[in-house]
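# A look at the structure
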Amino acid sequence: MSKFLKEGYARLVPYVPGEQPKDRAYVKLNTNENPYPPCPAAQSVLDDEAKLLRLYSDPESSELVRAIADLYGVSEQNVLVTNGSDESLAFLFCAFFDQKRAVAFPDITYGFYPIFADYAGASYEEIPLREDFTIDVEAMLRSKKHLVFANPNAPTGLKIELSDVRRLAQSDPDRLVVVDEAYVDFGADSAVPLIKEYDNLIVVQTFSKSRSLAGARLGMTFAPKALLDDLKTVKYSFNPYNVNRLTEKLGKAAIEDVAYFTDCVNKVKKTRTEAKVRLESLGFFVLPSYSNFLFARHERIGGKDLYLALKDRGVLVRHFDKARIADFVRVTVGTDEQMDILYAALQDILEKTTR
Ligand code: PMP
């Protein structure tokens, strides 16, 4: 640390992304990426657009925003695209939350929320999930703070109903309700249509999961115009060209190819259903999943040991060293072939484990 770093930043505990070890080939089931490639049109974008890279991108990403607005049935002024949805979350924590404008989110959720809060200098409250790991909607209703939550939630994979999102948005027009829908396409109802009804609702989605573009870094945020204008104030004070030319084209191709998107999502859902049965037959307790990952624990082996034993066998999953979930691992749904390698590794590990 240099002597120049600001005090508030010196205390930050930065986010730790899922590991990307290079020592050998791994079956990578640790960061909830899509196991299938981006749609064919996205793959051809690179050749056509490369020559234009000498020019800045369109700061408004107008073509992409139009395509998104058309698909989701909202107005263009209600859509903002960002460099991954993480960037949109960073913008909104900075724009709306501080010491006085406190925010609340579940205690077990996307690990970046408390970090964004610290980065923004905001106070925050962590609302415990219920015993069954579902989001405690009643406790969120009781909290007077602004709200951020993922639906489906991560790393549990559980969801809340749209009627509950509506109750939260309705509970107090003076508090913001931010729904992080990174995994929504795999099994929850989206709150995007509700932004027409509630002035205090923001919905954040990503191209990283259901549209296979994690590496392109693209997120989309839906909100009433006044809120989006605030986010744009942050964006234009930070990085006006936040979405590069290639990514804008890739995103447009991915939005337009609805058939490919549907096919990929359905394949992931089918593999997820089979994987839950398979893991249960190996003795795992598996939470119901409405996302592209499974959250599972086994009586005979702790989460950390299981993660290490799988890594040893070339399979990466994610373990969180945190109270209540330390016994679990989070497994991204891969291709059927990748899952077969996972099952074989698990079988081998469990045969050698007597706890
Ligand atoms: N929200 C949740 C709940 C996530 O799990 C992730 C992925 N780590 C993100 C947001 C960020 O996704 P991205 O920045 O790739 O759009």
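Description of the structure in this document. (Residues numbered from 1 in each chain as written. Predicted model: local features only at pLDDT ≥ 70, side-chain atom pairs only at ≥ 80, totals over all residues. Heavy atoms only, no water.)

## Brief notes about the overall build of the chain
What counts is decided by this rule: Secondary structure counts use DSSP, requiring at least four H or I residues in a row for a helix and at least two E residues in a row for a strand, with both numbered from the N terminus. Radius of gyration means the value over C-alpha atoms here, while the globule rule gives 2.2 Å times the residue count to the 0.38 power. Each residue's exposure class comes from its accessible area (1.4 Å probe, protein chains only) as a fraction of the maximum for that residue type: buried when under 20%, exposed when over 50%, partly exposed otherwise. Note on contacts: a residue pair is in contact if any heavy atoms of the two residues lie within 4.5 Å. Using the Shrake-Rupley algorithm and a 1.4 Å probe, accessible areas are obtained, with residue cover drawn only from the displayed protein chains. Counting rule applied: Lys, Arg positive; Asp, Glu negative; His and chain ends not counted. In this description, the location of a charge corresponds to atom NZ of lysine, CZ of arginine, CG of aspartate or CD of glutamate.
The number of helices and strands found in the chain is twelve helices and twelve strands. Computed over its C-alpha atoms, the radius of gyration of the chain comes to 21 Å, within 12% of the 20 Å expected for a compact globule of 355 residues. Summarising its shape, the C-alpha atoms of the chain cover approximately 60 × 50 × 50 Å along the three principal directions. For the chain, with 355 residues in total, the buried portion stands at 53%. In the chain, once contacts between residues fewer than 6 apart in sequence are set aside, the share between residues at least 24 apart is 74%. Total accessible area computed for the chain in this model is approximately 16300 Å², and 52% of it derives from carbon and sulfur atoms. In the chain, 46 side chains carry a positive charge and 51 a negative one; their mean positions are 3 Å apart.

## Quick word on the sheet that holds strand 7 (residues 201-206)
Adjacent strands of a sheet form backbone hydrogen bonds with each other and so pair up, either parallel or antiparallel. Selection criterion: A pair of strands is labelled paired if DSSP reports no fewer than 2 bridges between them. To obtain an axis, a line is fitted to C-alpha atoms, over the contacting stretch when the element is a helix, and the angle between two such axes runs from 0 to 180 degrees between their N-to-C directions.
Overall, mixed pairing links the seven strands, which are arranged 2-8-7-6-5-3-4 in an open sheet. Looking at which strands have only one partner, the edges of the open sheet turn out to be strand 2 (79-82) and strand 4 (124-127). Averaged over all pairs of adjacent strands, the angle between their axes in this sheet comes to 20°, without regard to strand direction. Here strand 7 pairs with strand 8 (residues 219-222) via four bridges, running antiparallel. By the bridge assignment for strand 8, Gln205 is matched with Met220. Helix-sheet contacts for helix 4 (residues 85-96) involve strand 2, strand 3 (103-106), strand 5 (146-150), strand 6 (177-180), strand 7 and strand 8, and the interaxial angle to strand 7 is about 155°.

## Quick word on the pairing of strand 8
Along strand 8, one buried face is formed by Gly219 and Thr221 and the opposite face, lined by Met220 and Phe222, is buried too. Pairing of strand 2 with strand 8 involves four bridges; the strand directions are antiparallel. Within strand 8, the residue paired with Val81 across the bridge is Met220.

## Section: the sheet that holds strand 12 (residues 328-332)
Read from one edge to the other, the open sheet built from three strands follows the order 9-10-12, with strand pairing classed as antiparallel. Bordering the open sheet on either side are strand 9 (284-286) and strand 12, each of which pairs with just one other strand. Each strand axis lies, on average, 35° off the axis of its neighbour in the sheet, ignoring direction. Bridge analysis of strand 9 against strand 10 (residues 293-298) gives three bridges, and the strand direction is antiparallel. Paired with Phe284 across the two strands is His298, which belongs to strand 10.

## Describing a nonpolar patch on the surface
Our working rule: For patches, a residue must show more than 30% relative accessible area and have no salt bridge; joins then use 9 Å for like charges and 5 Å for nonpolar side chains, namely Val, Leu, Ile, Met, Phe, Trp and Tyr. Definition used for salt bridges: Asp or Glu carboxyl oxygen within 4 Å of a side-chain nitrogen of Lys or Arg.
Nonpolar side chains collect at one region of the surface, where Met1, Leu5, Tyr9, Tyr119 and Phe238 lie side by side and expose about 570 Å² of accessible area between them. Within the secondary structure, Met1 is located in the segment before helix 1 (7-10).

## Let's talk about empty space enclosed by the protein
What counts here: Using protein atoms alone on a 1 Å grid, points that fit a 1.4 Å probe yet trap it form a cavity, whereas open point sets bounded by protein on both sides within 12 Å along at least five of seven lines form a pocket; residues with an atom within 4 Å of a point count as lining. Grid points are joined across faces, edges and corners, and a volume is the space filled by probe spheres set on the points.
Applying the stated criterion to the full structure yields two cavities of 30 Å³ or more. Empty space within the largest cavity amounts to approximately 50 Å³. Lining the largest cavity are Cys39, Ser210, Arg211, Ser212, Ala254, Asp257, Tyr260 and Phe261. Space inside the second largest cavity adds up to approximately 30 Å³. Mapped onto the lining of the second largest cavity, the elements with two or more residues apiece are helix 11 (303-312) and strand 12.

## What to know about the layout of surface pockets
Convention followed: In this count, Pro and Cys sit with the nonpolar residues alongside Ala, Val, Leu, Ile, Met, Phe, Trp and Tyr, while Asp, Glu, Lys and Arg are called charged and the others, Gly among them, polar. Segmentation of the chain into domains, including their bounds, is taken from an automatic or database domain assignment.
Of the pockets and cavities examined, the second largest pocket occupies roughly 280 Å³. Looking at the second largest pocket, it is lined by 14 residues, and the ones nearest its centre are Ala90, Cys94, Phe116, Tyr119 and Phe238. Going through the elements one at a time, helix 4 and helix 5 (112-120) are the ones with two or more residues in the lining of the second largest pocket. Top element by residues in the lining of the second largest pocket is helix 4. It accounts for five residues. Grouping the constituent residues of the lining of the second largest pocket by class yields twelve nonpolar, no polar and two charged. Both domain 1 (8-36 + 259-351) and domain 2 (40-256) contribute no fewer than three residues apiece to the lining of the second largest pocket.

## Notes on the environment of Tyr241
Structurally, Tyr241 can be placed in the loop between helix 8 (225-236) and helix 9 (245-256). Along the chain, Tyr241 and Val148 lie 93 residues apart, while their C-alpha atoms are 26 Å from each other. With residues up to four places along the chain from it excluded, the contact list for Tyr241 reads Tyr56, Ser57 and Pro59.

Purely spatial values, then, with no claim about function.
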